[in-house]
Structure formats: C-alpha cells, structure tokens
Amino acid sequence: MTSAIVVGAGVFGASVAHRLTCEGWDVLLVDREEPAHPRAESAGETRLIRFSHGGDGWYTRSARRALALWREIEQEAGRQLLVQAGVAWFATREDGWEAASERVLREEGIPVERLSPADAARLYPSLRTDDLSFVLLEPDAGVLRAREATRALVELALARGARLELGEAEPDAGRVRLNGRLLEADSVVWACGAWLGRLFPRLVELRVTQQDIFFFEAGPEWSTPPVPGFVDYDGAAYGLGALDGNGVKVAPDVDGPALDPDVRSRTHRPENERRARDYLRARFPALANAPLAASTVCHYSLTPDTGFIVAPHPAHPSVWLLGGGSGHGFKHGPALAGRVLELLEGRAEPDPRLASGPRAPGRGLRTAGI
Ligand SMILES: Cc1cc2nc3c(=O)[nH]c(=O)nc-3n(C[C@H](O)[C@H](O)[C@H](O)COP(=O)(O)OP(=O)(O)OC[C@H]3O[C@@H](n4cnc5c(N)ncnc54)[C@H](O)[C@@H]3O)c2cc1C
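Residues numbered from 1 in each chain as written. Predicted model: local features only at pLDDT ≥ 70, side-chain atom pairs only at ≥ 80, totals over all residues. Heavy atoms only, no water.

Asker: I'm lost on the overall build of the protein chain in this one. Help?
Answerer: A count of helical and extended segments in the protein chain gives eight helices and 20 strands. C-alpha atoms of the protein chain, sized along the principal axes, occupy 60 × 45 × 40 Å. Relative to its 370 residues, the protein chain shows a buried fraction of 60%. Excluding contacts between residues fewer than 6 apart, the proportion of contacts in the protein chain whose partners are at least 24 apart in sequence is 75%. Placing the 43 positive and 50 negative side-chain charges of the protein chain at their respective mean positions leaves the two points 2 Å apart. (Helix = DSSP H or I, 4+ residues; strand = E, 2+ residues; numbered from the N terminus. Buried < 20%, exposed > 50% of the residue type's maximum accessible area, 1.4 Å probe, protein only. Contact = heavy atoms within 4.5 Å. Lys, Arg positive; Asp, Glu negative; His and termini not counted. Charge placed at Lys NZ, Arg CZ, Asp CG, Glu CD.)

Here you go:
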C-alpha cells in the first residue's frame, strides 16, 4: 500500500488526507493541535465559495471543480457544509475585475447573471446602488461552513483508515521528526498554513497578516439564504447575511499588519471596526447603526502574488509543499487535493506558477483589488 504523511490538518492537509484515503493510500495525518483549532486559518465559521477570479481561468476552473467535490464530501459526511445562496459582486466600473470574471465564467459555461443596479437592489433588504455600474451574480456560489467542513474531512479520512497523531512535526531531509521518532513514507506533504514559511524558510516566502471579521445584529430579513454573499472587489470588502445565528458578516479585506500565528490572545483593531461600519453605512444603509454582535481575528498566509504553493521540495522529490492560501484558499481545498494526488502518482507535472521560491508581486486573487 502506498503511504503518505500529511502534516497539517487545516483544509489543505485534511483534503489531501481524505483524497488519498479514498484512493486506498495508507495515511498518517499530523497536527500540533486538534484539527481546525482556533488559530488555524481554516477555523472560521464561514468562507465564501465563488468562481470569479478576474481573467484567471485556472483558479476559476479549480473553484468550479471544488464545488462538485464539496457536494460529494457533503454526501459522504451526511450533513450540509455548503450553503448555495449565491454571491454578488458590486462592480463600480465597466472594465474591472467583474467584467473580466464574467468573460471567463461565460467561456467556462459557469452560470452568471449581469444585473442592473436596480435589479440587484432586490437581492438585499437595503442596498445603495448609485455608485454601481452593474452587479455580477454567481447563483451557484455561496458559503462553506469552514470549521465544520475541515473537521468533516478529517473524520471522513479517519473513517477510511487514516491515523491522526498530535505533535509538532519537523522536517528532517525527506523524513518527518515527530514526538521523538523519525518517520518515513512514500510521500510527505507539508500543509502547514502560516507556519510553512518557518519550516522551509529558504523555499517559502509568506507574509502572515492579521485580518478582522465583524458580525452585526440584523433582523430576519438579512438571513443567508436567501440574502447572497457579496464582494466589493475595488472597495476591498466582502461578507454575507446572517447564517447559523451569527449576525451579518462584514470583512474589510485590506492587508492587515504582520501577525505571529502563535499569538493566542487576539483582539480586533478599532480602525477595522470603523472600516466595517463605514462599509455597512455606505453599502447597506439600513444597517448603518446595527450593533456589533461579535468579531473574530484570523490571519492570512500571503504569497507575493496571492497564488498557492503546490510544489516538490527541490532536494527531496518525495516531499511536497502545499500552502500559501493567501486569503482565498479554503474553497479550493478538495480540488487542490486532487491535483496533489496526480502529482504524487506522477500523473501530472508541477505547475511553475505554483512553484516554491521567490515570486514577483501580483494582483490580488482574493476579494480585494487594492
Ligand atoms: C479572515 C479570513 C477570511 C477568509 N475568507 C476566505 C473565503 O471567503 N473563501 C476562501 O476560499 N478562503 C478564505 N480564506 C482563506 C482560507 O481560510 C485559507 O486559505 C485556508 O483555510 C488555509 O488552510 P491551510 O490548511 O493552509 O491552513 P491552516 O488551516 O492554518 O492549517 C495548517 C495546520 O498546520 C498545522 N501545523 C503547522 N505547523 C505544524 C507542525 N510543525 N507540525 C504539525 N502541525 C503543524 C497547524 O496547527 C494548522 O492546523 C480566508 C482566510 C481568513 C483568515
């Protein structure tokens, strides 16, 4: 039986462990803490799943493939992990990210609607539209229950025979040092989120930044579904309506300051709360004075071009690096796992765009165009 050690039980590592066990691999999954622990990037309540990636066809297709895989995972898990409420992109110009996305979505045959601002106003209980050129609605997009989905992937992998061991792993050439032992496998995948740069400092360049999310109290008319998720790419903000008893979610998507991912106590920055409130006032006027219900602090692990890392270790061909989620990786987890499987089995060549090593800064693939 082919064997693998997967270090990191966030959405990337959990997806790989699940996929490999589905294909009959013998898998040891390792994490320093329980999967989707509070400081893991995959631990949030919700993450958007959308297919729009501007003019980038590769990421568009990956997200679309991931949708089908998430549906299969839901079926296997027997619970709803994906809420297909749609995602609306508020376009403030005719020739921006949204127009490029629309072109690629249509080429790929992915459902998309171009709405006039007046028609889009019907999607939300209150929406300011006088600054909008149009609204791009992705009806198949929506929200993933992130923490629950990550844990479900781990549970499914374990049910298929994977083993989970808690402990801090260290690379030792092609092997894994863990809890006083030196472990070997046919393949080793390091999927360590924000910690990947520390483990492989000469190969992985990550900026780890603090990102704050806010939940505001709102009436039942703001429930998602039917209220779709939303993205203001040029305004660097995104969110969704109230889901699972949480309030309306608003996340300013500007790069935050550097954050040590090991810091345990985290409080949101007052300037970000102001940003979130200003955004609500400007875009959803009925929520201008909505009380803050809760906030959470998370971190991005950003590559210079916001593209992922899916790469072999240059000195150890059986060792793979997987990470650089860059604030938009969650939805892609199962699709990336499929890609990793092909690479481990030698059925695909590594993509130079996803290589380790230095990268030129690039335009944001996440929900912030600034
Ligand atoms: C605020 C915020 C909003 C986001 N919004 C979206 C969104 O709407 N849509 C979307 O698709 N994506 C979104 N993302 C991005 C997405 O959440 C991440 O890209 C994804 O969760 C990254 O997963 P990961 O598995 O790489 O990292 P993690 O979830 O952090 O997992 C890494 C794991 O590795 C473990 N680990 C690290 N080092 C070691 C070691 N030495 N030994 C053992 N274990 C180790 C850690 O404990 C951790 O559990 C968002 C992220 C944030 C922070």
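Asker: Is there a simple way to explain the site of the ligand in this structure?
Answerer: The ligand sits among 33 residues. The nearest are Asp31, His37, Ser42, Leu48 and Cys298. Here histidine 37 contributes a side-chain N or O atom positioned 2.8 Å from an oxygen atom of the ligand. Between histidine 328 and the ligand, the recorded distance is 3.2 Å, taken from a backbone N or O atom to an oxygen atom. Of all the elements in the fold, those that place two or more residues in the shell around the ligand are α1 (11–22), β3 (46–49) and β18 (292–302). At three residues, β18 tops the list of elements feeding residues into the shell around the ligand. (Near = heavy atom within 4 Å. Polar contact = N/O pair within 3.5 Å; in protein donor to acceptor, adjacent residues only side chain to side chain.)

Asker: Just checking my understanding: could you explain the packing of helix α2 (residues 57–77) against helix α8 (residues 333–344) for this structure?
Answerer: To characterise two packed helices, one gives the angle between the axes of the helices and the distance between these axes. The N-to-C vectors of α2 and α8 enclose an angle of 100°; their axes lie 6 Å apart at closest approach. With respect to α8, the element α2 is oriented roughly perpendicular. Along its contact with α2, which presents Trp58, Ser62, Arg65, Ala66, Leu69, Trp70 and Ile73, the element α8 presents Pro334, Ala335, Leu336 and Arg339. In terms of residue class, the contact of α2 with α8 is made up of eight nonpolar, one polar and two charged. (Axes fitted to C-alpha atoms, helices over the stretch in contact; angles between N-to-C directions. Parallel < 35°, antiparallel > 145°, perpendicular 65-115°, else oblique. Nonpolar A, V, L, I, M, F, W, Y, C, P; charged D, E, K, R; others polar.)

Asker: Before we go on, may I ask you to explain the packing of aromatic side chains in this structure?
Answerer: Aromatic ring pairs are reported here in terms of the distance separating the ring centres and the angle at which the planes meet. Evaluation of the coordinates by the stated rule reveals 16 aromatic pairs. Measuring from centroid to centroid gives 5.8 Å for tryptophan 70 and phenylalanine 330, while their planes differ by 5°, and the two rings are stacked. One end of the pair, tryptophan 70, is in helix α2; the other, phenylalanine 330, is in the loop between β20 (316–323) and α8, and 260 residues separate them in sequence. Take tryptophan 70 and phenylalanine 330: they sit in the same class, and that class is buried. (Phe/Tyr/Trp six-rings, centres within 6.5 Å; stacked < 30°, edge-to-face > 60°.)

Asker: Help me understand a nonpolar patch on the surface, please; the structure alone is not making it clear to me.
Answerer: A contiguous nonpolar surface patch, about 210 Å² in accessible area, is contributed by Leu158, Leu164 and Leu166. Mapping leucine 158 onto the fold places it in helix α5 (residues 146–159). Judged by its relative accessible area of 33%, leucine 158 falls in the partly exposed class. (Patch = residues over 30% accessible without salt bridge, like charges linked within 9 Å, V, L, I, M, F, W, Y side chains within 5 Å. Areas by Shrake-Rupley, 256 points an atom, 1.4 Å probe, with all protein chains shown as cover. Salt bridge = Lys/Arg side-chain N within 4 Å of Asp/Glu carboxyl O.)

Asker: In this structure, what is going on with helix α7 (residues 270–283)? I would like to understand it.
Answerer: Each α-helix winds once per 3.6 residues, and so residues spaced three or four apart point in a common direction. Compared with an ideal rise of 1.5 Å per residue, which puts 14 residues at 20 Å, α7 spans 20 Å between its outermost C-alpha atoms and is within 8% of the ideal. For α7, the complete set of buried residues consists of Asn272, Glu273, Ala276, Tyr279, Leu280 and Arg283. Looking down the long axis of α7, one finds its buried residues gathered within 125° of arc, a one-sided arrangement. Projecting away from the buried face of α7 at angles above 90 degrees are the exposed residues Pro270 and Arg274. Buried positions along α7 lie against β5 (87–91), β14 (207–216), β15 (229–232), β16 (237–240), β17 (248–252) and β18. (Expected span 1.5 Å × (residues − 1). Arc of directions from axis to C-beta.)

Asker: Sorry, what's going on with the environment of glycine 174 here?
Answerer: Here glycine 174 shows up in the loop between β10 (170–172) and β11 (175–178). With near-sequence residues (within four places) excluded, glycine 174 lies in contact with Val188, His316 and Val319.

Asker: What exactly am I supposed to notice about the pairing of strand β2 (residues 26–31) here?
Answerer: Counting buried positions along β2 yields five of six residues, so the element is predominantly enclosed. Of the pairings in the sheet, the one linking strand β1 (residues 3–7) to β2 comprises five bridges and is parallel in character. Across the sheet, isoleucine 5 pairs through a bridge with leucine 28, a residue of β2. The parallel pair β1 and β2 is bridged by α1, and the resulting crossover is right-handed. (Pairing = 2+ DSSP bridges. Right-handed = clockwise from strand over helix to strand, strands pointing away.)

Asker: Before we go on, may I ask you to explain the side chain of histidine 328 in this structure?
Answerer: Note on placement: histidine 328 falls in the loop between β20 and α8. One polar contact links the side chain of histidine 328 to the main-chain carbonyl oxygen of threonine 306, over a distance of 2.8 Å. Apart from residues no more than four positions distant in its own chain, histidine 328 is found in contact with Arg50, His53, Tyr59, Thr306, Phe308, Leu365 and Arg366.

Asker: For this particular structure, what's the right way to read the pattern of salt bridges?
Answerer: Side chains that differ in sign of charge can pair as their charged atoms come close. Counted by the stated rule, this structure contains 36 salt bridges. Notably, a salt bridge pairs arginine 122 with aspartate 119, separated by 2.4 Å at the nearest N-O pair. The class of arginine 122 is exposed, set by a relative accessible area of 66%. Through salt bridges that share partners, Arg32, Glu33, Arg39, Glu168, Arg198, Asp260 and Asp262 make up one connected network.

Asker: Even after reading the chapter, I still don't get the sheet that holds β11, so can you show me in this structure?
Answerer: Paired through backbone hydrogen bonds, the strands of a sheet run either parallel or antiparallel to each other. With antiparallel pairing, the three strands of this open sheet are ordered in space as β10-β11-β12. The open sheet has two free edges, formed respectively by β10 and β12 (181–183), since each of these has just one partner strand. Each strand of the sheet is rotated relative to its neighbour by a mean of 35°, with strand direction disregarded. Sheet analysis places β10 next to β11, joined by three bridges and oriented antiparallel. The partner of aspartate 172 across the bridge, within β11, is arginine 175.

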